[in-house]
Amino acid sequence: MQLNGSLFGALILVLQSLQLVQAENLIQATGLTQCSDSAEVTVNNFNAIFTPNNKSISIIFDGYSEVAGDVLIDVDLLVYGYKAFTKSFDPCSLDLSVFCPMKAIELQIPKITQTLGDSVLSQIPSIAYSVPDIDAVIRLRLKYKNSGKQITCLETRVRNGKTVYQRGVSWTLAVITGLGLIMSTVISLLGHWNTATHLVFRSLAFLGFIQTQAMVGMCSMALPPFVQSWTQNMQWSLGIVQLDALQTIATWFQRATGGTPSTVLESASTASVVLQKRSAGIHRRAAEEGTQILLRGIKRVGIRENIELSNIFMTGYLFYYFVTAVIVICVGLVLLVRGVLAKKQTMLPKLDRAISVTADWKTILRNTFFRLACIGYPQMCILCLWELTRHDSAAEIVLAITMWLVTTAVLAFATFKVFQRAIRSKQQHNTPAYTLYSDPATLNQWGFLYIYYRAPVYYFIVPALVYIIVKGMVIAFAQPSPIAQSIILLVLELSMMLATSIIKPFMSKGANVAAITMTVMNSLNTIFMLVWTNIFDQPELMTGILGVIFFILNALLTLLLLIYLLVGMVYAIFFKKPDTKYKPLGDDRDSFRWSRTGTTTELSSLEKIARGEDDTEGHPHPPPVVTAPPSDEDVSMAAKRPYNDVVDPSLPLFPASYERTQR
């Protein structure tokens, strides 16, 4: 960063007469950025800390001034865009000869401490102590004393140390999401397939909305402090997790493959790191030259998580493999427990039917990897493609390309298999849903893609995957162009909102309401993002207000989705028959679940006839359990039921094998 002599005087007066303090008795301003095109004043490093406990303000800065002559400094304090304080003063009024008159000189002052009077402390409003991520900016305008012509404009953001970004929040959200997915597996093993389907939908819907908020934080426009901190709570969902072990491995790998690790975090003591600024201009200047480092987008997210810029991709990459390894270990433990429990003679009949000893390990692991690829695809679309613009090392570029191509190919292959079976089912049974929902092999292998959708709308998996790919590309490749990035994202989100609202593709009314609400919120977020690019040249007060509105709306919807998930978990844990808590699905899936006991009734034969199947073809039916002829009401009910639905509408995180389903 860079600075001029007038800065010093301005900052002292500003942080004196301003009046910002925090509950932890700390107010800090780091970095001065240009808010004008001129560069007569440059700042290499700047840090100001006000501690009301000892009534002192400390300022550290070094820089260079090309201004010579008598000057005046106008000081403005903007709180959420509202000009709360303004003052003009003459640097000659300060007891510093270097400012009167200003000289073209290099200025390096290690530390200046000044004690403030009680009159200044009494002017500090109490709100400055309690509001987290307060959006307060100090703006300094330097102008000539005689002509009044503005020379340059500099600004710095003030923080009070309180923030809505808490690691405890991140871990809580991650644990609850994971519990929802794991619980859906256990519930499906116990035979509550309808409950498992709803629970896994709620878990993935919650995770998906968290990921979309994390994507907002990765966009390159200047985000208000509230938005930065709130979205930082969600970055774990995209693999941005600060672990010392990951950082060590990532740095070692980059050096071993010919890359040069960045040193932004190490340079923080000699160069100011600025995470955002309202005005356009230079976004990053080399740290090794002793100048400011201005970060935005994905870089801003990484630095806030204390991750070096050159380690961001490898952190997400390694974290994905770490989660995969944990899941594989859990799969192995589950299969071992299944084998032990299945040999017990005291097993409940339902659990005995649900658990098979002859599990196909290869099938289970393969299907697990398919599901993990689907969950982690948004992360890979962003980080792998962004690495192509970073060039951290040749090996990392190869890893990024390979990972993106493999995950894309895996999901494309799964989509192809779904469409292949759906087309064949439509040709043979006049509906695509017959094979998709009644063939155990299809359902267990590829059901993770379409199980949440209504039977006739299985094709919605294509726009859903295209949406993820396009959004990842826009966030990764459009980092230098925030306006273009926000416009494309707005069009994309509006398109997804219209498609979801018109088609209503999900399995139940509640699921569609949740999905539509999330798409509406995502569209509204992109409108906010477009405004934050300053394309409309709106008042700064509007920018600050929209930041607060963004936080309130997204936090509220996150809370509602969390409650939505927790209610599903309560149903699954505390009710003996949790399936009764859900209304039958519109396509009547549970009515046509095949018997697992090997017995057949007259009514099941009538159901086959109602589905259009010839009862004389195939293997003969075993003797019916019900010997009495069916009533007219039974015949009518069987004929009215649709035949386009599932045998086992569950989506376990650890999928069942084909042999289990056959059993």
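With an unreviewed UniProt entry as reference, the protein chain is termed TRP-like family, source organism Penicillium roqueforti. Here the protein chain is described in UniProt, under the heading Sequence similarities (unreviewed entry), as follows: "Belongs to the transient receptor potential (TRP) ion channel family." Per its UniProt entry, the protein chain bears the Subcellular location (unreviewed entry) comment "Membrane".

We now examine the pattern of salt bridges. Here the structure, examined in full by the defined rule, presents eight salt bridges. Where arginine 141 meets aspartate 76, a salt bridge forms, and the shortest distance between an N and an O atom there is 2.6 Å. One end of the pair, arginine 141, is in strand S8 (residues 136-144); the other, aspartate 76, is in strand S5 (residues 71-79), and 65 residues separate them in sequence. With a relative accessible area of 2%, aspartate 76 lands in the buried category. A salt bridge links arginine 167 to glutamate 305; the nearest nitrogen and oxygen atoms lie 3.1 Å apart. Here glutamate 305 lies in the loop between helix H8 (297-304) and helix H9 (312-343) and arginine 167 lies in helix H4 (residues 167-189), a separation of 138 residues in the sequence. On the basis of relative accessible area, arginine 167 is assigned to the partly exposed category, the value being 37%.

Once that is clear, we can look at a nonpolar patch on the surface. Taken together, the side chains of Ile483, Ile487, Val491, Ile535 and Phe536 define a hydrophobic patch exposed on the protein surface, amounting to about 440 Å² of accessible area. Locating phenylalanine 536 in the fold gives a position in the loop between helix H17 (509-532) and helix H18 (540-574).

This part is about helix H12 (residues 394-429). Given a rise of 1.5 Å per residue, 36 residues ought to cover 52 Å, and the 52 Å separating the end C-alpha atoms of H12 matches this to within 8%. Among the residues trailing H12, asparagine 430 stands out with phi positive, at a value near 65°.

Tracing the sequence through the fold places arginine 157 in strand S9 (residues 150-159). There is a polar contact of 2.4 Å between the side chain of arginine 157 and the side chain of aspartate 135.

The interhelical angle for the contact between helix H5 (residues 193-218) and helix H6 (residues 225-232), taken along N-to-C directions, is 135°, at an axis separation of 8 Å. The orientation of H5 relative to H6 falls into the category oblique. The element H5 and its partner H6 pack so that their crossing is left-handed. The residues of H6 that touch H5, namely those facing Gln213, Ala214, Val216 and Gly217, are Val227, Trp230 and Thr231. Tallied by class, residues from the contact of H5 with H6 come to four nonpolar, three polar and no charged.

Our focus in this paragraph is the pairing of S5. The buried fraction of S5 amounts to eight of the nine residues, a majority that puts the element mostly inside the structure. In terms of strand pairing, S5 meets S8 through nine bridges, oriented antiparallel. Within the sheet, the bridge partner assigned to valine 71 lies in S8 and is tyrosine 144.

The next subject is the environment of glycine 178. Residue placement: glycine 178 occurs in helix H4. Sequence separation between glycine 178 and leucine 207 is 29 residues, and the spatial gap between their C-alpha atoms is 9.3 Å.

What follows is about helix H7 (residues 244-256). In this model, H7 (13 residues) spans 18 Å end to end at C-alpha, consistent with the 18 Å of a helix rising 1.5 Å per residue. Taken as a whole, H7 has its buried residues at Leu246, Gln247, Ala250, Thr251 and Gln254. Taken end-on, H7 shows its buried residues confined to a sector of 125°, consistent with a single buried face. For H7, the exposed residues set more than 90 degrees away from the buried face come down to Asp244, Thr248, Trp252, Arg255 and Ala256. Directly beyond the C-terminal end of H7, a positive phi value near 90° is found at glycine 258.

Attention now goes to the nonpolar core. Of all hydrophobic cores here, the largest spans 143 residues; its most connected members are Phe46, Phe201, Met218, Ile312, Val418, Tyr450 and Trp532. Take this core: its biggest share by element is 13 residues, from H5.

Quick look at the confidence of the model for the protein chain now. Summing up the model confidence of the protein chain, the mean pLDDT is 76 and the portion of residues at 70 or higher is 72%. A low-confidence stretch, residues 1-23 stays under pLDDT 50, and its non-local contacts, those more than four residues away or across chains, total 121 contacts.

Residue asparagine 306 is not a glycine yet carries a positive backbone phi of 60°. Non-glycine residue histidine 391 carries a positive phi angle of around 55°. If you trace the backbone, histidine 391 turns up in the loop between helix H11 (361-390) and H12.

Taking burial as the measure, the 10 residues of strand S4 (residues 56-65) include eight buried ones, the bulk of the element. Sheet topology note: the strand S3 (residues 41-51)/S4 ladder contains 10 bridges and is antiparallel. Across the sheet, the residue bridging to isoleucine 49 is serine 58, located in S4. Linkage of S3 to S4, two consecutive antiparallel strands, is achieved through a turn of four residues, within which lysine 55 is found at a positive phi near 60°.

Analysis parameters
Sequence positions are assigned chain by chain, starting from 1 and proceeding in written order. pLDDT decides what is reported in this predicted model: residues at 70 or higher carry local features, side-chain atom pairs at 80 or more are listed and counted, and totals for whole chains, interfaces and linings draw on all residues regardless. Processing note: side-chain calculations cover all non-hydrogen atoms of the structure and skip hydrogens and water entirely. UniProt positions are given in the numbering used here, feature names are shortened, and annotations may be inferred rather than shown by experiment. Here, a salt bridge means any Lys or Arg side-chain nitrogen found within 4 Å of an Asp or Glu carboxyl oxygen. Runs of E in the DSSP output that reach at least two residues are strands. Runs of H or I that reach at least four are helices, and both are numbered from the N terminus. Remark: exposure states derive from per-residue accessible area (1.4 Å probe, protein chains only) relative to the maximum for the residue type, with buried under 20%, exposed over 50%, and partly exposed in between. A patch consists of residues whose relative accessible area exceeds 30% and which take part in no salt bridge; residues with like charges are grouped when within 9 Å of each other, and nonpolar side chains (Val, Leu, Ile, Met, Phe, Trp, Tyr) when within 5 Å. Accessible areas in this description were obtained via Shrake-Rupley with a 1.4 Å probe; residue shielding takes into account the shown protein chains only. Between the first and last residue of a helix there are one fewer steps than residues, each counted as 1.5 Å, and that sum is the expected span. Any pair of N or O atoms that falls within 3.5 Å is considered a polar contact. Within protein, one atom must be able to donate a hydrogen and the other to accept it, and sequence-neighbouring residues count only if both atoms are side-chain atoms. To obtain an axis, a line is fitted to C-alpha atoms, over the contacting stretch when the element is a helix, and the angle between two such axes runs from 0 to 180 degrees between their N-to-C directions. By definition in this entry, angles of less than 35 degrees are roughly parallel, angles greater than 145 are roughly antiparallel, angles of 65 to 115 are roughly perpendicular, and the rest are oblique. Crossings are classed by handedness, with left-handed meaning an anticlockwise turn of the near helix from the far one by less than a right angle and right-handed meaning a clockwise turn. We call two residues contacting when some pair of their heavy atoms lies within 4.5 Å. Classification used: nonpolar for Ala, Val, Leu, Ile, Met, Phe, Trp, Tyr, Cys and Pro, charged for Asp, Glu, Lys and Arg, polar for all others including Gly. Between any two strands, at least two bridges found by DSSP are needed for them to pair. The arc in question is the one spanned by the directions pointing from the helix axis to the C-beta atoms. In this description, a nonpolar core means a group of buried Ala, Val, Leu, Ile, Met, Phe, Trp, Tyr and Cys residues linked to one another through side-chain atoms lying within 4.5 Å. Confidence scores here are pLDDT values: one per residue, from the predictor, ranging 0 to 100.

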